[in-house]
Amino acid sequence: MRTALFAVSAVVAVLRLPAAVAADAAEDWGPYALEDGRRSGYTYAASETRAMQDDEFENSGYIWVEKGAELWDEADGSVGQACSDCHGDAPESMRGVGARYPVFAPEREKLINLEQRINQCRTERMGAEPWTWESEPLLAMTTYVRHQSQGMPVSPVIDGPAAPFFETGKAFYEKRRGQLDLACVHCHEMNAGNMLRAQRLSQGMSNGFPTYRLKWQTIGSLHRRIRGCNEDVRAETYAPGSDEYVNLELYLAWRARGLPVETPAVRN
Amino acid sequence: MDKPRVKVPKKVKAGEPFEVKALISHKMESGQRTDEATGQKIPRMIINTFTAKLDGEVVFSARFYPAVSANPYLAFWVVADKSGELEFTWVDDSGDSATAKKTIEVS
């Protein structure tokens, strides 16, 4: 009897695996997958991670959304004004902003991303100190502002004055670097979906940033993630907010065009 | 400590279990990491106790250990027979605490 039971459970175990894989492949990803094959990192995440992102309460990224909402109304700097004094209600005034950044800033004659725009407002209009990169308030405000575009398609402008910066970002993406001599394309285009040790490689879409990463146990910026990638191939890293990374950010936004802004996404 | 987030249904039925969700932002420093700059151990600083009380009576409590990740999230079920106030308390190694209160209406 015991042998017979064991045999039955062994058959069940063998049968279960292919069935689960087939169900995953047939999944309807809705807005997270586009017809041309581009897919959000959401579709590469484990079901538990996706469930965590989908539940507004369980998604730890919302801690930063809430912190950002508080900072939005908090006066700071020598002018004594808060973001809300100029921009009113963020859900209205900031809707769509996060979906199109980074943008060309004529006054700087280069691209500017969301973090830099927030600090530009602080230093030039509020008379406040800029927030340092990856600090709690800068992460909170960036997350809060980008969250207002949640569900909207990523839609950067890459022509006109932004064109040369887009080309530079694209070249960065395609250039081999580091001791491992790998370019972004080698993992995120040629091997997306394959395993890199214990992790499934995604297409490297930027639509969920700032992202709550379980490995970090905190929310983090896109530039922090890119630095991690550069370190992984044992390459020189650039400073967060450097021109190299902001140009790359525009190219990544273009790769993710049409995918919904997910901020705050949850990834492993 | 930061302000916690708690989710409970506003209205519940007497004797029927309902789900409570509780999340707090905390770094949960395990005490096992070394500061690379100084070579010194980073001292442990975690939330060690969580308590949920309904009108002063403990309905759920938990002790946390260093393997619990940052920003700990708890979900548990509670049964209530009458309306009252749920009080949640988190205490960390420094003795610092955070409290949240929610009133539930039992019908």
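One can find the structure itself at the top, above this paragraph.
*Asks:* Looking at this model, I keep getting lost on the overall build of chain A. Mind explaining?
*Replies:* The number of helices and strands found in chain A is twelve helices and seven strands. By principal-axis analysis of the C-alpha atoms, chain A measures approximately 80 × 40 × 30 Å. Considering chain A as a whole, with its 268 residues, one finds that 47% of them fall into the buried category. Of the contacts made within chain A by residues no fewer than 6 positions apart, 66% connect residues no fewer than 24 positions apart. Of the roughly 13700 Å² that chain A leaves accessible, carbon and sulfur atoms contribute 53%. Mean positive and mean negative side-chain charge positions of chain A (29 and 37 charges, respectively) differ by 8 Å.

*Asks:* Quick question: what am I supposed to make of the interface of chain B and chain A here?
*Replies:* By a widely used convention, the size of an interface equals the accessible area lost when the partners come together. Across the boundary between the two partners, chain B contributes 13 residues, which contact 14 residues of chain A. Run the count over chain B and chain A and you get four salt bridges. The residue Glu-66 of chain A makes a salt bridge to Arg-5 of chain B at a minimum N-O spacing of 2.9 Å. At the boundary of chain B with chain A, the tally comes to five residue pairs in polar contact (both at pLDDT 80 or more). Elements supplying a minimum of two residues to the side of chain B that touches chain A: strand E1 (5-7) and strand E3 (18-23) of chain B. Residues that form the side of chain B that touches chain A fall into these classes: five nonpolar, three polar and five charged.

*Asks:* Is there a simple way to think about the packing of helix H9 (residues 163-174) of chain A against helix H12 (residues 243-255) of chain A in this case?
*Replies:* Helices that pack against each other are described as a pair by the angle of their axes relative to one another and the distance between those axes. Residue and element names in this part refer to chain A. For the pair H9 and H12, the least separation of the axes is 7 Å and the interaxial angle reads 90°. One element, H9, and the other, H12, form an angle in the roughly perpendicular class. Note on element contacts: H12 touches H9 through Glu-244, Tyr-245, Asn-247, Leu-248, Leu-250, Tyr-251, Leu-252, Trp-254 and Arg-255, opposite Phe-165, Phe-166, Thr-168, Gly-169, Lys-170, Phe-172, Tyr-173 and Glu-174. Each residue belonging to the contact of H9 with H12 can be placed in one class, and the counts come to ten nonpolar, three polar and four charged.

*Asks:* Would you explain the sheet that holds E1 of chain B in this entry?
*Replies:* Residues and elements named next belong to chain B. The strand order across the open sheet built from three strands is E1-E3-E6, with neighbouring strands paired in antiparallel fashion. The strands lining the two open edges of the sheet, one partner per strand, are E1 and strand E6 (73-78). Each neighbouring strand pair of the sheet contributes to a mean axis angle of 15°, computed without reference to strand direction. Pairing of E3 with E6 involves six bridges; the strand directions are antiparallel. By the bridge assignment for E6, Glu-19 is matched with Trp-77.

*Asks:* Looking at this model, I keep getting lost on the pattern of salt bridges. Mind explaining?
*Replies:* Side-chain pairing between opposite charges can occur once the charged atoms of the two side chains come close. What the rule picks out here adds up to 16 salt bridges over all chains. One salt bridge in this structure joins Lys-21 of chain B and Asp-55 of chain A, with 2.9 Å as the shortest N-O distance. Of this pair, Lys-21 of chain B sits in strand E3 while Asp-55 of chain A sits in the loop between helix H2 (47-54) and helix H3 (62-72), placing the two residues on different chains. Residue Lys-21 of chain B shares its accessibility class with Asp-55 of chain A, and that shared class is buried. Lys-110 of chain A is paired through a salt bridge with Asp-243 of chain A; the nearest N and O atoms lie 3.0 Å apart. Here Lys-110 of chain A is found in strand E2 (residues 110-112), whereas its partner Asp-243 of chain A is found in helix H12, with 133 residues between them in sequence. When its relative accessible area of 39% is taken as the criterion, Asp-243 of chain A is described as partly exposed.

*Asks:* Which parts of the structure should I look at to understand the environment of Leu-74 of chain B?
*Replies:* Residue and element names in this part refer to chain B. One can find Leu-74 in strand E6. On the accessibility criterion, Leu-74 (15% relative accessible area) is buried. Along the chain, Leu-74 and Lys-21 lie 53 residues apart, while their C-alpha atoms are 5.8 Å from each other.

*Asks:* When you look at the sheet that holds strand E7 (residues 84-92) of chain B in this model, what are you seeing that I'm missing?
*Replies:* The strands making up a sheet are joined through hydrogen bonds of the backbone, oriented either antiparallel or parallel. Residue and element names in this part refer to chain B. Taken in spatial order, the five strands of this open sheet run E2-E8-E7-E4-E5, and their pairing is mixed. The sheet terminates laterally at strand E2 (11-12) and strand E5 (57-63), the two strands that pair on one side only. Looking at chain direction, E2 and strand E8 (residues 97-106) are connected through two bridges and run parallel. By the bridge assignment for E8, Val-12 is matched with Val-106.

*Asks:* Would you mind going over the environment of Tyr-73 of chain B with me for this structure?
*Replies:* With respect to the helices and strands, Tyr-73 of chain B occurs in strand E6. Taking the C-alpha atoms as reference points, Tyr-73 of chain B and Asp-92 of chain B, separated by 19 residues in sequence, lie 15 Å from one another. In this structure Tyr-73 of chain B touches Phe-57 and Glu-58 of chain A together with Lys-21, Ala-22 and Leu-23 of chain B, once residues within four positions along its chain are discounted.

*Asks:* Can you help me understand helix H11 (residues 222-232) of chain A in this one?
*Replies:* Residues three or four positions apart in an α-helix share a direction because the helix packs 3.6 residues into each turn. All names here are of chain A. For H11, every residue scored as buried is listed here: Leu-222, His-223, Ile-226, Gly-228 and Asn-230. Among the structural elements, H9, strand E6 (218-220) and H12 are those in contact with the buried residues of H11. Note on H11: the residue one or two positions beyond its end, Arg-234, has a positive phi of about 55°.

Rules behind the numbers
- Residues numbered from 1 in each chain as written.
- Chains lettered and ligands numbered in written order.
- Predicted model: local features only at pLDDT ≥ 70, side-chain atom pairs only at ≥ 80, totals over all residues.
- Heavy atoms only, no water.
- Helix = DSSP H or I, 4+ residues; strand = E, 2+ residues; numbered from the N terminus.
- Buried < 20%, exposed > 50% of the residue type's maximum accessible area, 1.4 Å probe, protein only.
- Contact = heavy atoms within 4.5 Å.
- Areas by Shrake-Rupley, 256 points an atom, 1.4 Å probe, with all protein chains shown as cover.
- Lys, Arg positive; Asp, Glu negative; His and termini not counted.
- Charge placed at Lys NZ, Arg CZ, Asp CG, Glu CD.
- Salt bridge = Lys/Arg side-chain N within 4 Å of Asp/Glu carboxyl O.
- Polar contact = N/O pair within 3.5 Å; in protein donor to acceptor, adjacent residues only side chain to side chain.
- Nonpolar A, V, L, I, M, F, W, Y, C, P; charged D, E, K, R; others polar.
- Axes fitted to C-alpha atoms, helices over the stretch in contact; angles between N-to-C directions.
- Parallel < 35°, antiparallel > 145°, perpendicular 65-115°, else oblique.
- Pairing = 2+ DSSP bridges.

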